[in-house]
Amino acid sequence: MSNYKILHTSDWHIGKKIENFSILKEQKNFLYFLLEFIKKENIDLLLVAGDVYDSKRPGFEEQRLVNNFFYELSFTSCKWCVVISGNHDKRDYLSINKKLLSRFNFFLITEYDFDEQIVLLKDNGNLKFIVVCLPHINERLILGQNFDNIFGLEDQSSSKLFLENLENAYREKISNLSNFLENKYKGIPKILMAHSFFGSSKKIDILGGSYIIPFNVCGNSFSYVALGHIHKFMKLRDNIVYSGSPMQYSFNETCDKYINVLHFNDNKLILQEAFQVPIFNKLIFAKGSLNEVLDFLANAKKEESFTIYLKIELNEAVDTSAEEAIYDLARLNFMNLVSISYSLSSSQDLQEDSNFIGELEVLEMDEKYFFEKKLRWDFENGVIRGVKFKEEELISLFNEVLTNGYLGEYEDK
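Residues numbered from 1 in each chain as written. Predicted model: local features only at pLDDT ≥ 70, side-chain atom pairs only at ≥ 80, totals over all residues. Heavy atoms only, no water.

At a closest axis distance of 10 Å, the pairing of helix α1 (residues 24–41) and helix α2 (residues 60–73) adopts a crossing angle of 5 degrees. For the element pair α1 / α2, the angle class is roughly parallel. Contact residues: α1 offers Leu24, Gln27, Lys28, Leu31, Leu34, Leu35 and Ile38, while α2 offers Glu61, Glu62, Leu65, Phe69, Glu72 and Leu73. (Axes fitted to C-alpha atoms, helices over the stretch in contact; angles between N-to-C directions. Helix = DSSP H or I, 4+ residues; strand = E, 2+ residues; numbered from the N terminus. Parallel < 35°, antiparallel > 145°, perpendicular 65-115°, else oblique. Contact = heavy atoms within 4.5 Å.)

Moving on to helix α9 (residues 290–298). Listed in full, the buried residues belonging to α9 are Leu290, Val293 and Leu297. Taken down its axis, α9 places every buried residue within 70 degrees of arc, on the same side. More than 90 degrees from the buried face of α9, the exposed residues found are Asn291 and Ala298. Summarising the contacts, the buried residues of α9 are in contact with β18 (281–288), β19 (307–314), α10 (320–332) and β20 (335–342). (Buried < 20%, exposed > 50% of the residue type's maximum accessible area, 1.4 Å probe, protein only. Arc of directions from axis to C-beta.)

As a further point, take the sheet that holds strand β11 (residues 205–207). What the 3 strands build is an open sheet, ordered β10-β12-β11; its pairing is mixed. Looking at strand neighbours, the two that pair on one side only are β10 (198–199) and β11, the edges of this open sheet. The sheet contact formed by β11 and strand β12 (residues 210–214) spans 3 bridges and is antiparallel. Within β12, the position partnered with Leu207 by the bridge is Ser210. (Pairing = 2+ DSSP bridges.)

This next bit is on the nonpolar core. One finds Trp12, Phe69, Phe70 and Leu73 to be the most contacted residues of the largest nonpolar core, which totals 42 residues. Within the residue set of this core, elements represented by two or more residues are α1, β4 (45–49), α2, β5 (80–84), β6 (106–109), β16 (258–265) and β18. Of the residues forming this core, the biggest block, 8 residues, is contributed by α1. Two domains each provide a minimum of three residues to this core, namely domain 1 (3–277) and domain 2 (281–364). Excluding residues that lie within four positions of it along the chain, Phe70 makes contacts with Trp12, Cys81, Val83, Leu101, Phe104 and Phe106. (Core = buried A, V, L, I, M, F, W, Y, C linked by side-chain atoms within 4.5 Å. Domains from an automatic or database assignment.)

Our focus in this paragraph is the packing of aromatic side chains. On inspection of all chains with the given rule, the structure shows 19 aromatic pairs. Consider the rings of Tyr4 and Phe129, whose centres lie 5.5 Å apart with planes at 85 degrees: the pair is edge-to-face. In this pair, Tyr4 is assigned in strand β1 (residues 3–9) and Phe129 in strand β8 (residues 126–134), connecting sequence segments 125 residues apart. Given the relative accessible area of 2%, Phe129 is considered buried. Among the aromatic residues, those joined into a ring-pair cluster are Trp12, Phe30, Phe33, Phe37, Phe69, Phe70, Phe106, Phe275 and Phe280. (Phe/Tyr/Trp six-rings, centres within 6.5 Å; stacked < 30°, edge-to-face > 60°.)

On to the sheet that holds β6. Taken in spatial order, the 6 strands of this open sheet run β6-β5-β4-β1-β16-β17, and their pairing is mixed. If you trace the sheet from one side to the other, it starts and ends with β6 and β17 (268–276), each paired once. Averaged over neighbouring strand pairs, the angle between their axes works out to 15 degrees when direction is ignored. As defined by bridge partners, β4 adjoins β5 across 5 bridges and the pair is classed as parallel. Following the sheet pairing, Leu45 is matched in β5 by Trp80. Sitting on the sheet, α1 touches β1, β4, β16 and β17, and the angle it makes with β1 is about 170 degrees. Sitting on the sheet, α2 is in contact with β4, β5 and β6, with an inclination near 155 degrees to β5.

Evaluation of the coordinates by the stated rule reveals 10 salt bridges. Between Lys79 and Asp44 there is a salt bridge whose closest N-O contact spans 2.8 Å. Of this pair, Lys79 sits in the loop between α2 and β5 while Asp44 is found in the loop between α1 and β4, placing the two residues 35 residues apart along the sequence. Under the relative-accessibility criterion, Lys79 is labelled partly exposed at 29%. For Asp44, a relative accessible area of 9% translates into the label buried. Across the pair Lys257 and Glu253 runs a salt bridge whose closest N-O atoms are separated by 2.9 Å. (Salt bridge = Lys/Arg side-chain N within 4 Å of Asp/Glu carboxyl O.)

Before going further, it helps to examine the environment of Gly187. Tracing the backbone through its elements, the reader meets Gly187 in the loop between α8 (156–184) and β9 (190–195). For Gly187, a relative accessible area of 52% puts it in the exposed group. Residues Gly187 and Phe129 lie 58 residues apart in sequence; the distance between their C-alpha atoms is 9.9 Å.

Here we come to the confidence of the model for the protein. Per-residue pLDDT for the protein has a mean of 83; in total, 82% of the residues score no lower than 70. The spread of mean pLDDT over the elements of the protein runs between helix α11 (residues 359–362), the lowest at 48, and β4, the highest at 98. In the model, residues 359–364 has pLDDT below 50 throughout and makes 15 contacts with residues more than four positions away in sequence or in other chains. (pLDDT = per-residue confidence, 0-100.)

Structural data, given as C-alpha cells:
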C-alpha cells in the first residue's frame, strides 16, 4: 500500500508591492509557514502553478528568498517539487539555480515543448506520478502562423474563427499529451498543471485581453488539475482547482486564502483538504466623511499578527492638517496608509464600497470598459483639464496600445 500527499499552491508573486509598500516581510512569513506545514504534514510533492515572482526582473532579495525556500525544501520530507512559469515569471530569472536544485528532484517547466512538459516522478526507481505541465504562453505561440492570419481580421466571423482555433489548439494539445500517456503509462496517476484562465462555460470566451478556456478541454483522464492565475480559491470541478494566491494582493480580493492538499492511496485520489493560510496582511478600503474616517481610525483594533494596508476615500474636501491627522491616527494603529482620495459627488456612510469591483466581476469586464469609465469620471469631475485630446481620441489611442499588447509587441519591454 502506498500513500502520498501533494500540496498545490500558486501565485506567490514574490516582490509584489502594495502601492509603494514592500510586502517582502509578509511573503517571507508565508514561505516559512509553507515550509513548516510541509514538514508537519509530511508532504511528498509540492506543485507551484505559476507566478512565483511578481516581476519579470525580480530583485536580489526576491531571488534570494525564493532560492532559500527551495533549498530548505530539499531537506524536508518532500520528495519532489514541480514548478511552472506564469505570466509574471521570466524564464531566465526563474531558472538561475535550476541545475543545482535538480539534484533534489526539482522540476522547473518554462517551455511548451512536448518533451519538456511531461515530468515523471519516481520513488525508489518506481514511477509514482506523471505531471503534465502547461506554463503560461502567449496565445500567438499556441496557434503559430495562424495567429496573424486570424487575429488581424476585424469582422465577427473571423473573431469567432480565432476563438474556435484557440480552443481547439488547447484541446488538441492536452488530448495528445493525455493519449500518449494513457497508452504508455496505464494505471499511473496523472496530474495536469496549468497557468491560464479556465472557466465553466462550454465554449471559449474573451473578456478584455484574456481568453477564458472551457475547463472541459482538460478531458477526464487526469486525477487532478492544478491551476494558477486566478487569486481566489475556486473549484471548477471537484478535481479541477485554482489554489489562489497565498495572501491578499489587491483591495478587491478577500483575505481568505488556501492551499490544497491531496491524498493519494494506491494510485487513487481519495481526499482533498483545503487548509486556510494564516493572514499575513489585510487590505482595507474605507470610505466616508472626515469625521467618519477619523472615528473609524480611533476605534480600529490594533493588530500585531498581520500588517494592515489602508486606502481611504473622502466624500468631502479637507485641508492639509486634516490629512495629517488621518496619517497620524493610521500610524498609531500600525496601519500603512496607501492613499487618500476624494469622491465629492455624494455623501455615504463609512463602509466597504458596494460598487467596489470584486475579482470575479473583473473577469467579466474588459480593460476598455474600465478605461472609459475612469476617463469619463475624470472629465466630468474636472480631474482632466486643459488636455488637447478629446475623450474619444484618448479611447482610440488606448485601444491601439491594447491591441498591440495582445499581439505581443510589448512582451519583452
